[in-house]
Protein chains: 4
Amino acid sequence: MHVTVWNEGQHEKTNQRVMKAYPNGIHNAIAEGLRERGFDSVGTATLDDPEHGLTDEVLAKTNVLLWWGHMAHEKVSDAVVDKVHKRVLEGMGLIVLHSGHFSKIFKRLMGTTCNLMWREIGEKERVWVVNPAHPIAEGLSNYFEIPETEMYGEPFGIPEPDSLVLINWYAGGEVFRGGCCYYRGQGKVFYFSPGHETFPIYYQKEVRQVIANAVKWAAPTNGPKIPVENRAKPLEDIEIKEF
Amino acid sequence: MHVTVWNEGQHEKTNQRVMKAYPNGIHNAIAEGLRERGFDSVGTATLDDPEHGLTDEVLAKTNVLLWWGHMAHEKVSDAVVDKVHKRVLEGMGLIVLHSGHFSKIFKRLMGTTCNLMWREIGEKERVWVVNPAHPIAEGLSNYFEIPETEMYGEPFGIPEPDSLVLINWYAGGEVFRGGCCYYRGQGKVFYFSPGHETFPIYYQKEVRQVIANAVKWAAPTNGPKIPVENRAKPLEDIEIKEF
Amino acid sequence: MHVTVWNEGQHEKTNQRVMKAYPNGIHNAIAEGLRERGFDSVGTATLDDPEHGLTDEVLAKTNVLLWWGHMAHEKVSDAVVDKVHKRVLEGMGLIVLHSGHFSKIFKRLMGTTCNLMWREIGEKERVWVVNPAHPIAEGLSNYFEIPETEMYGEPFGIPEPDSLVLINWYAGGEVFRGGCCYYRGQGKVFYFSPGHETFPIYYQKEVRQVIANAVKWAAPTNGPKIPVENRAKPLEDIEIKEF
Amino acid sequence: MHVTVWNEGQHEKTNQRVMKAYPNGIHNAIAEGLRERGFDSVGTATLDDPEHGLTDEVLAKTNVLLWWGHMAHEKVSDAVVDKVHKRVLEGMGLIVLHSGHFSKIFKRLMGTTCNLMWREIGEKERVWVVNPAHPIAEGLSNYFEIPETEMYGEPFGIPEPDSLVLINWYAGGEVFRGGCCYYRGQGKVFYFSPGHETFPIYYQKEVRQVIANAVKWAAPTNGPKIPVENRAKPLEDIEIKEF
């Protein structure tokens, strides 16, 4: 099981507060959380790496990809997005984090605007579990609290999730579907809203727990392949008419 | 309530069997079925019309758009697809018919390959209702039969429908999710698999009934707008921290 | 289209604050809201009526039933619950309101505990639309506010809704799936959490709008019947083996 | 991980063909399939055992329960059904097999009639995967075939599944949602239609594979508890009004 954490890694270069919050980059904070929870093959990749670090070789060996982006969505090459999209539909798990809601890959997979409301005043957030039977809720209590957060609010322009696991509450008056599962092709996608470039959210244990749970849930299964439009043979005893 | 039936209208120009089955084009057969069922404002549009017949004016007044395409999906301009996509997410209903599963607009909205299996031997099809409470099942019996059809088979590379209304059975041994509802943005999408360019399926009363039901279901509602990423004000009594 | 509003009607007899809030009973406040919005055949029924007002004749003519109960769930006769359950599965719409989450009929239809968290301090509630394309969101803004409410909180022990339309936010820190659609048999069920016996919530225009929308959505359709376990004939040309 | 396979075990006592097909009882054939696939703690229980073999002790240690019944659904005591229902909602997985669709426990959990069409002529069945990303599809091809089967047909009186994994095709002209996942409370439920008391279906490797996959999927997770209606404390800074 190989996990790749992708981070655009731009804020870290220019913003003192981001450098302070994530001195090794957001990707390494997330990767550390996974390693702590027993994942022993966790790589990272960033926008500035050749091919954004997502070469054919890396994508081929990646079972689950995590995606963090914010200010540079448009700088991600369409060729890389095409490859990631294809890999997800073929079975690679994808975990889209926070501002990744506006990434090319998430919008491509959802088919919608992925628009939302937002506010950045460091207000309190509570993340509530609404499907306690779901494996992504493993080890959680009814809710966990993020002391200071960026608000993301409804209506969120996404397809209705195949399973809705988490709903966020914000002190300022909003709610948000913050943990959303999707089956897409032979792959699985999880959107998880908590996280930010300056708040130290990716160090919080419950957030790391959810991400680790999501990686396990999104791991590829060895199921059937969706055909690349194939002509199918009928059962032997059916009459074949010519057309 | 204005309905526009879009048909690429290419087979009708070159294929004798299609000309015979649909002498006025597939779009007019479908439009006729809607007019019979009381829709009094039904227009048509085809690939060869200027802007494919989908000008800003036509799209603005269209409440529900039906889409039939097959051999010329790639000839549909991206600019028109962009406009239709935007209109659907803003509330216009969309009914995608049969081979329209491979249209640019359907693949854009689904985010997946929309691949399937197929076979064209004029075999028998039965369309079973699996959600009898759904308005798209209005007036149907447990199933209806299409005497000669093209088979479309699973696995079908689509997102799990928000409501699955119809499942098809084929004599040759396959099944297919043939009536699939999706909420996307402020709009609704229905995929309906029965139909073909040479089989006279769009004259069949149950098929016309489903299409008419789907148009009613997909009609726009006057609900809230999904924000174009807006900064939201908090409740008045929340402390605003500076970031 | 005939609508019946059922209210246990017990609080109104003993509690001064309820008498003051709903001098004609909760059922009449709800019925008034429907009549204002053009429903011209709206009846009411209460626990103390013979057969709780839900005689065979009343149930036979009711297209959509609304249910409000709180302190007397256990006094509802099982025979009446059996009949309502049967009618819903045969197509009658059912709108379950607020504390009706613990009614026998709702628990029977859901198959789960329908447990929740609660708090009654008159805090602020905001009801957010998360599916703006759904007909139950017709005429709403992104959210509406209830100035003083009873909090109902997650995790809510219900099946994942077939469509989730509304999520509630509470000042005290909770969220709740407050507008939940279910298809059940040939019928439709909507659970709507806002409402209370002392807060004047059933006079609020947005609440009345949602209830009216829900009644329209839940109206019976004339679809196929789910069989009462029937032996089916095969297609004529299949070999019949004896077993 | 402890699995208990429950079988009413009545056909095996009186019907020569059943005795021949399942000389050790259906439960032991199913248990054998699980042991083959690495489950090392698999028990069995039958109707005629004291408390139907489902004592408090057995239920307490069971992580996933499988249920096969047909002719004796009404002989299952309500007290046992109550206990199983409670355990499922608290997290125990439940796999309901074939004619178990009419068991008390399945109808209780679904809240619907669970009616269907049927025919017993030993026709051919094909089980198609429609969600290849789901863990229950692990190791399957696009479809598998059951040479001789009992037909179960739509419309099937169940709630729309939370995930629909399998759809069955029958030679005689029907389809059926044959692999249905449900989240209920803290537990998971899978209905799997293939199986029968005389056809040797529970020896077939693909059927055993699906059952083993389903047991893994339905295993309890250690998520939050749904409250037994609790009064919740608000955030500290909210004003408490007296009511």
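Not measured: the values here are computed from a predicted model.

Parameters at a glance
Residues numbered from 1 in each chain as written. Chains lettered and ligands numbered in written order. Predicted model: local features only at pLDDT ≥ 70, side-chain atom pairs only at ≥ 80, totals over all residues. Helix = DSSP H or I, 4+ residues; strand = E, 2+ residues; numbered from the N terminus. Rg over C-alpha atoms; globule rule 2.2 N^0.38 Å. Buried ≥ 20, exposed ≤ 12 C-beta atoms within 10 Å, placed from the backbone. Contact = placed C-beta atoms within 7 Å. pLDDT = per-residue confidence, 0-100. Nonpolar A, V, L, I, M, F, W, Y, C, P; charged D, E, K, R; others polar. Pairing = 2+ DSSP bridges. Axes fitted to C-alpha atoms, helices over the stretch in contact; angles between N-to-C directions. Parallel < 35°, antiparallel > 145°, perpendicular 65-115°, else oblique. Least-squares fit on C-alpha atoms with pLDDT ≥ 70 in both. Expected span 1.5 Å × (residues − 1).

Participant: It is not clear to me how the overall build of chain A should be interpreted in this structure. Could you clarify?
Facilitator: Helices and strands together make up the secondary structure of chain A, namely 7 helices and 10 strands. Whereas a compact globule of 243 residues would reach a radius of gyration of roughly 18 Å, chain A reaches 19 Å, a difference of no more than 12%. Residues counted as buried form 60% of the 243 residues belonging to chain A. Expressed as a percentage of contacts within chain A between residues at least 6 apart in sequence, the contacts between residues at least 24 apart total 71%.

Participant: Even after reading the chapter, I still don't get the confidence of the model for chain A, so can you show me in this structure?
Facilitator: Interpretation of the predicted coordinates at a detailed level should be avoided for regions scoring low in pLDDT. Here chain A averages 95 in pLDDT, and 97% of its residues register 70 or above. On the interface metric, ipTM, the complex scores 0.96, and its pTM is 0.97.

Participant: Would you mind going over the interface of chain B and chain A with me for this structure?
Facilitator: Quite often, the size of an interface is put as the accessible area lost when its parts meet. The interface of chain B with chain A comprises 45 residues on the first partner and 46 residues on the second. Counting only elements with at least two residues in the side of chain B that touches chain A, the list comes to α6 (104–110), β5 (117–129), β6 (143–153), β8 (175–184) and β10 (230–231) of chain B. If you tally residues by element for the side of chain B that touches chain A, the top one is β5(B), at 7 residues. Its residues assigned to classes, the side of chain B that touches chain A shows 23 nonpolar, 11 polar and 11 charged. Note: strand β10 (residues 230–231) of chain A against β5(B), 2 bridges, orientation parallel. Pairing of Arg231(A) across the sheet is with Trp118(B), part of β5(B).

Participant: How do you make sense of the environment of Ser141(C) when you look at a structure like this?
Facilitator: Residue and element names in this part refer to chain C. Along the polypeptide, Ser141 turns up in the loop between β5 (117–129) and β6 (143–153). The partly exposed category is assigned to Ser141, around which 13 C-beta atoms lie within 10 Å. Here the alpha-carbon distance between Ser141 and Glu206, two residues 65 residues apart in the chain, equals 9.2 Å.

Participant: Mind showing me how you'd approach the packing of helix α3 (residues 26–36) of chain B against helix α7 (residues 205–218) of chain B here?
Facilitator: The description of two packed helices rests on the angle between their axes and on the distance between the axes. Residues and elements named next belong to chain B. At a minimum axis distance of 9 Å, the contact between α3 and α7 shows a crossing angle of 70 degrees. With respect to their mutual orientation, α3 and α7 come out roughly perpendicular. Between α3, through Ile30, Gly33, Leu34 and Glu36, and α7, the contact on the second element is made entirely by Arg208, Ile211, Ala212 and Val215. Partitioned by chemical class, the residues of the contact of α3 with α7 number 5 nonpolar, 1 polar and 2 charged.

Participant: Where do I start with the relation of the copies chain B and chain A in this structure?
Facilitator: Of the transformation placing chain B onto chain A, the axial shift is 0.0 Å and the rotation is 180 degrees, giving an RMSD of 0.0 Å. Given the turn and translation reported, the copies of this chain are related as if by a two-fold rotation axis. When C-alpha positions in chain B are compared against the rotation axis, the closest is assigned to Gly111(B), at 2.5 Å. Both copies present the same face, since 100% of the interface residues in chain B are matched by interface residues at the equivalent positions in chain A.

Participant: Sorry, what's going on with the relation of the copies chain D and chain C here?
Facilitator: Superposition of chain D onto chain C requires a rotation of 180 degrees combined with a translation of 0.0 Å along the rotation axis, giving an RMSD of 0.0 Å. Both copies present the same face, since 100% of the interface residues in chain D are matched by interface residues at the equivalent positions in chain C.

Participant: Got a minute to help me understand unusual backbone geometry in this structure?
Facilitator: What is expected of a backbone is that most residues other than glycine have negative phi and most peptide bonds are trans. Cis peptide bonds are those with omega within 30 degrees of zero, and the linkage from Glu154(C) to Pro155(C) qualifies with -5 degrees. If you check the backbone angles, His98(A) has positive phi at about 45 degrees while not being a glycine. Mapped onto the fold, His98(A) is located in the loop between β4 (93–97) and α6 (104–110). According to the C-beta neighbour criterion, His98(A) is buried, with 25 such atoms within 10 Å.

Participant: I keep staring at the pairing of strand β1 (residues 3–7) of chain A and nothing clicks. Help me out?
Facilitator: All names here are of chain A. For β1, the tally of buried residues reaches 5 of 5 residues, placing the bulk of the element in the interior. Neither face of β1 is open: one carries Val3, Val5 and Asn7, the other Thr4 and Trp6, and all of them are buried. Sheet topology note: the β1/strand β3 (residues 64–68) ladder contains 5 bridges and is parallel. Each bridged residue has a counterpart across the sheet, and for Trp6 the counterpart in β3 is Trp67. Note that β1 and strand β2 (residues 42–46) share 5 bridges and pair parallel. Its bridge partner being in β2, Val3 is matched across the sheet by Val42.

Participant: What's the story with the pairing of strand β9 (residues 187–192) of chain C in this structure? I'm lost.
Facilitator: In the case of a regular strand, side chains alternate between the two sheet surfaces. Residues and elements named next belong to chain C. The buried fraction of β9 is high, at 6 of 6 residues. Of the two faces of β9, both are covered, the one formed by Gly187, Val189 and Tyr191 as well as the one formed by Lys188, Phe190 and Phe192. Sheet analysis places strand β4 (residues 93–97) next to β9, joined by 4 bridges and oriented parallel. Paired with Val96 across the bridge in β9 is Tyr191.

Participant: Can you help me understand the interface of chain D and chain C in this one?
Facilitator: Taken together, the contact between chain D and chain C spans 46 residues of the former and 46 residues of the latter. Only α6 (104–110), β5 (117–129), β6 (143–153), β8 (175–184) and β10 (230–231) of chain D provide two or more residues apiece to the side of chain D that touches chain C. Top element by residues in the side of chain D that touches chain C is β5(D). It accounts for 7 residues.

Participant: Would you explain the environment of Ile95(C) in this entry?
Facilitator: Residue and element names in this part refer to chain C. Here Ile95 lies in strand β4. Each C-alpha atom, one on Ile95 and one on Ser193, is 10 Å from the other, the two residues being 98 residues apart in sequence. Beyond its immediate sequence surroundings of up to four residues, Ile95 is in contact with Val64, Leu66, Trp67, Phe190, Phe192, Ile211, Ala214, Val215 and Ala218.

Participant: Looking at this structure, how should I read helix α5 (residues 78–89) of chain B?
Facilitator: Helical geometry note: an α-helix holds 3.6 residues per turn, so side chains three or four residues apart project in the same direction. All names here are of chain B. Relative to the 16 Å expected for 12 residues at 1.5 Å per residue, α5 spans 16 Å between its end C-alpha atoms, a close match to the ideal helical length. For α5, the full list of buried residues reads Val84, His85, Arg87, Val88 and Leu89. Structurally, α5 contributes buried residues whose contacts are with α4 (56–61), β3 (64–68), β4 (93–97), α6, β8 and β9 (187–192). Once α5 finishes, Gly91 follows within two positions and takes phi at roughly 135 degrees, a positive value.

Participant: Would you take a moment to explain the environment of Val210(D) for this structure?
Facilitator: Residues and elements named next belong to chain D. Assignment of secondary structure puts Val210 in helix α7 (residues 205–218). Judged by local crowding, Val210 falls into the buried class, with 28 C-beta atoms found within 10 Å. Separated by 42 residues in the primary sequence, Val210 and Asn168 have C-alpha atoms spaced 14 Å apart.

Participant: When you look at helix α7 (residues 205–218) of chain A in this model, what are you seeing that I'm missing?
Facilitator: All names here are of chain A. With 14 residues, α7 extends 20 Å from end C-alpha to end C-alpha; this agrees with the ideal 20 Å at 1.5 Å per step. Those residues of α7 that fall on the buried side of the exposure criterion are Val207, Val210, Ile211, Ala212, Asn213, Ala214, Val215, Trp217 and Ala218. Buried-residue contacts for α7 involve β1, α3 (26–36), β3, β4, β8 (175–184) and β9 (187–192).

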